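# Observations on the model geometry
This is what each chain is made of:
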Amino acid sequence: MQHRIVKKQYNSKLCFICGLKNGSGLQASFYETEGGELIATFTPSDEHQSYPGRLHGGIASAILDETIGRAILVGREEEIWGITIDLSLSYKKPIPLGVELKVVGRITEENSRFFHGTGEIVLPGGEVAVTGKGKYLKAPLDKIADFDRDAQEWAVVASERDPEIIDI
Ligand SMILES: CCCCC/C=C\C/C=C\C/C=C\C/C=C\CCCC(=O)SCCNC(=O)CCNC(=O)[C@H](O)C(C)(C)COP(=O)(O)OP(=O)(O)OC[C@H]1O[C@@H](n2cnc3c(N)ncnc32)[C@H](O)[C@@H]1OP(=O)(O)O
């Protein structure tokens, strides 16, 4: 299925998932789709392995967590920040290293205090490797941490590799 990209989301400096200056992290990109979902792209490297050649399950969990947590921002002008309070996963296929993976997330339920969402990590051939669902408490950013947007380099960083369409 083809997903038309309508917006790229922000990256940060040091977040393990989206920090562009975290050399140990995934340096993932996040793209909002016309259909109201969020797609992350990343390429895991040898540092992210569990058994040789296979992505660590905790790292698969982390990318799914952030993709679902960021899906609340899709198509909105206002910022809503989520704190993960419940996350469960089902690991269906091993995930290889050194190839680009796609993670899809969407919001399934929302009220004034919480949101729920689901997501999946998709292998290059289209098979679903991991599925997840999470519950998040909404919180203002200044209640979560002391964020200085400039110091955290919180910005949309355009790349010539940004896609107009993602085929999954
Ligand atoms: C602008 C610059 C930004 C720079 C950013 C840089 C990097 C960031 C990158 C990306 C960010 C973008 C989006 C990312 C989104 C998500 C990604 C990952 C997020 C995380 O990586 S985040 C870390 C892991 N996460 C925690 O570190 C939480 C630890 N925890 C706590 O901090 C407390 O637990 C707290 C504060 C959550 C609540 O505590 P509290 O005392 O305020 O309130 P209380 O306990 O009363 O719970 C209130 C209501 O939540 C219900 N509730 C609580 N826990 C529950 C559970 N486990 N399951 C089901 N329901 C639960 C209760 O049942 C009650 O509900 P009710 O009132 O209806 O009964």
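Please read these numbers as outputs of a predicted model, since none were measured by experiment. (Residues numbered from 1 in each chain as written. Predicted model: local features only at pLDDT ≥ 70, side-chain atom pairs only at ≥ 80, totals over all residues. Heavy atoms only, no water.)

On to the overall build of the protein, then. What the protein contains, in helices and strands, is two helices and eight strands. The linear arrangement of helices and strands in the protein, starting from the amino end, is β-β-β-α-β-β-β-β-α-β. Overall, the C-alpha framework of the protein stretches about 40 × 35 × 30 Å when taken along its three principal axes. Within the span of the protein, comprising 168 residues, buried residues form 41% of the whole. As presented, the protein carries roughly 9100 Å² of accessible surface, and 48% of it is formed by carbon and sulfur atoms. Distance between charge centres in the protein, computed from 19 positive and 25 negative side chains, equals 4 Å. (Helix = DSSP H or I, 4+ residues; strand = E, 2+ residues; numbered from the N terminus. Buried < 20%, exposed > 50% of the residue type's maximum accessible area, 1.4 Å probe, protein only. Areas by Shrake-Rupley, 256 points an atom, 1.4 Å probe, with all protein chains shown as cover. Lys, Arg positive; Asp, Glu negative; His and termini not counted. Charge placed at Lys NZ, Arg CZ, Asp CG, Glu CD.)

Attention now goes to the site of the ligand. Around the ligand, the surrounding shell holds 22 residues, and the nearest of these are Glu66, Thr84, Ile85, Arg113 and Arg149. Contact between the ligand and Thr84: a nitrogen atom at 3.0 Å from a main-chain N or O atom of the residue. Between the ligand and Arg113 there is a distance of 3.0 Å, counted from an oxygen atom to a side-chain nitrogen or oxygen. Here the ligand, which alone exposes 1400 Å², has 53% of that area covered by the protein. Looking at the shell around the ligand, the elements that each hand over two or more residues are helix H1 (57-71), strand E4 (81-91) and strand E7 (128-139). Per-element tally for the shell around the ligand: the top contributor is E4, with six residues. Broken down by class, the residue content of the shell around the ligand amounts to ten nonpolar, five polar and seven charged. (Near = heavy atom within 4 Å. Polar contact = N/O pair within 3.5 Å; in protein donor to acceptor, adjacent residues only side chain to side chain. Nonpolar A, V, L, I, M, F, W, Y, C, P; charged D, E, K, R; others polar.)

On to the UniProt feature "domain: Thioesterase" (unreviewed entry) in the protein. Using the residue numbers shown here, the UniProt feature "domain: Thioesterase" (unreviewed entry) corresponds to residues 53-127. For residues 53-127, helix accounts for 20% and strand for 40%, while the C-alpha atoms at its two ends are 18 Å apart. (UniProt positions renumbered as here; feature names shortened; annotations may be inferred.)

Before going further, it helps to examine the pairing of strand E1 (residues 2-8). The two faces of a sheet get side chains in turn, since along a regular strand they alternate between them. The sheet contact formed by E1 and strand E8 (residues 165-167) spans three bridges and is antiparallel. Its bridge partner lying in E8, His3 is registered against Ile166. (Pairing = 2+ DSSP bridges.)

So, about the nonpolar core. Ranked by internal contacts, the top residues of the largest apolar core, which has 26 residues, are Phe30, Phe42, Ile63, Ile95 and Ile121. Residue assignment for this core shows that the elements contributing at least two residues are strand E3 (38-42), H1, strand E5 (101-110) and E7. With five residues, the top contributor of residues to this core is H1. Aside from chain neighbours lying at most four places away, what touches Ile95 is Gly53, Arg54, Leu55, Ala60, Leu101, Ile121, Leu123, Ala129 and Val130. (Core = buried A, V, L, I, M, F, W, Y, C linked by side-chain atoms within 4.5 Å. Contact = heavy atoms within 4.5 Å.)

This part covers the side chain of Arg70. In this structure, Arg70 sits in helix H1. Under the relative-accessibility criterion, Arg70 is labelled buried at 6%. A polar atom in the side chain of Arg70 sits 2.9 Å from the backbone oxygen of Tyr10.

Turning our eyes to something else, we now look at the pattern of salt bridges. Evaluation of the coordinates by the stated rule reveals eleven salt bridges. Across the pair Lys21 and Glu153 runs a salt bridge, and its minimum N-O distance is 3.0 Å. Linking Lys21 in the loop between E1 and strand E2 (29-33) with Glu153 in the loop between helix H2 (141-144) and E8, this pair joins segments that are 132 residues apart in sequence. Residue classification places Lys21 among the exposed positions, given a relative accessible area of 54%. Between Arg106 and Glu37 there is a salt bridge, with the nearest N and O atoms lying 3.0 Å from each other. (Salt bridge = Lys/Arg side-chain N within 4 Å of Asp/Glu carboxyl O.)

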